[in-house]
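Listed below, chain by chain, are the residues.
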Amino acid sequence: MAEKIKPERDSSAKFRKYCRSIHSHLSFFFVGVILVYAVSGITMNHLKDFNPQYMISVENYTAKGNYPHTHNFTKTQIKEMLEKVGEGDNYTKHFYPNSSTMKVFLKSGSSFTLNTQTGEADYEGLKKRPVFHQLSFLHYNPGKWWTYFSDVFAICLILICLTGLFMNKGERGLIGIGGIEMLIGVAIPILFLLFL
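Quantities reported herein were computed from a predicted structural model and do not represent experimental measurements.

Some words on the overall build of the protein chain
A count of helical and extended segments in the protein chain gives six helices and five strands. Across the protein chain, helices and strands are ordered from the amino to the carboxyl terminus as α-α-β-α-β-β-β-β-α-α-α. Over its C-alpha atoms the protein chain spans a radius of gyration of 29 Å, topping by over 25% the 16 Å that the globule rule assigns to 196 residues. Its C-alpha atoms give the protein chain principal-axis dimensions of roughly 105 × 35 × 25 Å. Within the protein chain, the proportion of its 196 residues that are buried is 27%. In the protein chain, 56% of the contacts between residues at least 6 apart in sequence involve partners at least 24 apart. Taken as a whole, the protein chain presents about 14,000 Å² of accessible surface, with 64% of it coming from carbon and sulfur. A distance of 9 Å separates the average location of the 21 positive side-chain charges in the protein chain from that of its 15 negative side-chain charges.

Put into structure tokens, the structure is as follows:
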């Protein structure tokens, strides 16, 4: 004769089944956002060594022309100098901070400085770093709608954590190895807060 399943055991199994289902669906749905925050978070942890948003290149050279030169560069002449560094179309305006220096503002955020006495040019190029720039852009909450979506994502992360705690039973669950792993995981940030 088959053993009769106790109601509490049946409801417990159903609860774990729901936990597994919710955990699985939310994990699949938010995998893209998790990767966005994980990868951009790693890069932000190492800002001293790596700029995740921009690649910076520095170039020093002597511009063609007759020098010393007075402060009467035309827009056309400046654009010709900028062509050498690929910024000919990014000219905005220029000014002379002192008697021997011309600075050029560029749309790209790069900078160009010319010594009007010697022709020595200093170019600091600023280019968006592919992929990482976009990930960082999203990490910093670019707008109202992304903020709303991020809030929903954060709430769902809590659900993913909670359902993960209860979807297994026995030695794989809270009363077994799972509980030990949870305690260690909670203890680590607490220890950092206490000793850092």
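On we go.
So, the packing of helix H2 (residues 31-44) against helix H5 (residues 144-166)
Contact pair H2 / H5: the axes reach a minimum separation of 11 Å and the direction vectors enclose 100°. With respect to H5, the element H2 is oriented roughly perpendicular. Of the residues in H5, those in contact with Val33, Ile34 and Tyr37 of H2 are Trp146, Phe149, Ser150 and Phe153. Partitioning the contact of H2 with H5 into residue classes produces six nonpolar, one polar and no charged.

Quick notes on the pairing of strand E4 (residues 111-115)
Sheet topology places strand E3 (residues 101-106) next to E4; five bridges connect them, and they run antiparallel. What sits directly across from Thr101, in E4, is Asn115. Counted between consecutive antiparallel strands, the loop separating E3 from E4 contains four residues, among which Gly109 sits at a positive phi close to 90°. Of the strand pairs in this sheet, E4 and strand E5 (residues 120-128) are connected by four bridges, and their pairing is antiparallel. The partner of Leu114 across the bridge, within E5, is Ala121. Adjacent in sequence and paired antiparallel, E4 and E5 are bridged by four residues, among which Gly119 carries a positive phi angle near 85°.

Structural notes on the sheet that holds E4
Strand pairs in the sheet, formed through backbone hydrogen bonds, run parallel or antiparallel to each other. The strand order across the open sheet built from five strands is E1-E5-E4-E3-E2, with neighbouring strands paired in antiparallel fashion. Where the open sheet ends on each side, the last strands, each with one partner, are strand E1 (54-62) and strand E2 (91-98). Within the sheet, the average angular offset between the axes of one strand and its neighbour, ignoring direction, is 15°. One ladder, built from five bridges, connects E2 with E3; its direction is antiparallel. Following the sheet pairing, Asn98 is matched in E3 by Thr101.

Side note on the nonpolar core
Formed by 16 residues in total, the largest nonpolar core has its most connected members in Ile78, Met81, Val104, Phe112 and Leu114. Elements represented by at least two residues in this core include exactly helix H3 (75-83), E3, E4 and E5. Those residues in contact with Phe112 that sit more than four places away from it in its chain are Tyr61, Met81, Leu82, Met102, Lys103, Val104, Leu106, Ala121, Asp122 and Tyr123. In terms of nonpolar packing, the next biggest core, distinct from the first, is built from eight residues, Leu26, Phe30, Tyr37 and Ile160 among them.

Thoughts on unusual backbone geometry
Glycine aside, residues mostly have negative phi angles, and peptide bonds mostly take the trans form. Cis geometry is found at the peptide bond from Tyr67 to Pro68, where omega equals 5°. Turning to its location among the elements, Pro68 is positioned in the loop between E1 and H3. Of note, the phi angle at Val131 is positive, near 70°, even though the residue is not glycine. Tracing the backbone through its elements, the reader meets Val131 in the loop between E5 and helix H4 (132-139). Positive phi outside glycine occurs at Asn141, with the angle close to 55°. Following the sequence through the fold, Asn141 ends up in the loop between H4 and H5.

Thresholds, definitions, all that
Residues numbered from 1 in each chain as written. Predicted model: local features only at pLDDT ≥ 70, side-chain atom pairs only at ≥ 80, totals over all residues. Heavy atoms only, no water. Helix = DSSP H or I, 4+ residues; strand = E, 2+ residues; numbered from the N terminus. Rg over C-alpha atoms; globule rule 2.2 N^0.38 Å. Buried < 20%, exposed > 50% of the residue type's maximum accessible area, 1.4 Å probe, protein only. Contact = heavy atoms within 4.5 Å. Areas by Shrake-Rupley, 256 points an atom, 1.4 Å probe, with all protein chains shown as cover. Lys, Arg positive; Asp, Glu negative; His and termini not counted. Charge placed at Lys NZ, Arg CZ, Asp CG, Glu CD. Axes fitted to C-alpha atoms, helices over the stretch in contact; angles between N-to-C directions. Parallel < 35°, antiparallel > 145°, perpendicular 65-115°, else oblique. Nonpolar A, V, L, I, M, F, W, Y, C, P; charged D, E, K, R; others polar. Pairing = 2+ DSSP bridges. Core = buried A, V, L, I, M, F, W, Y, C linked by side-chain atoms within 4.5 Å.

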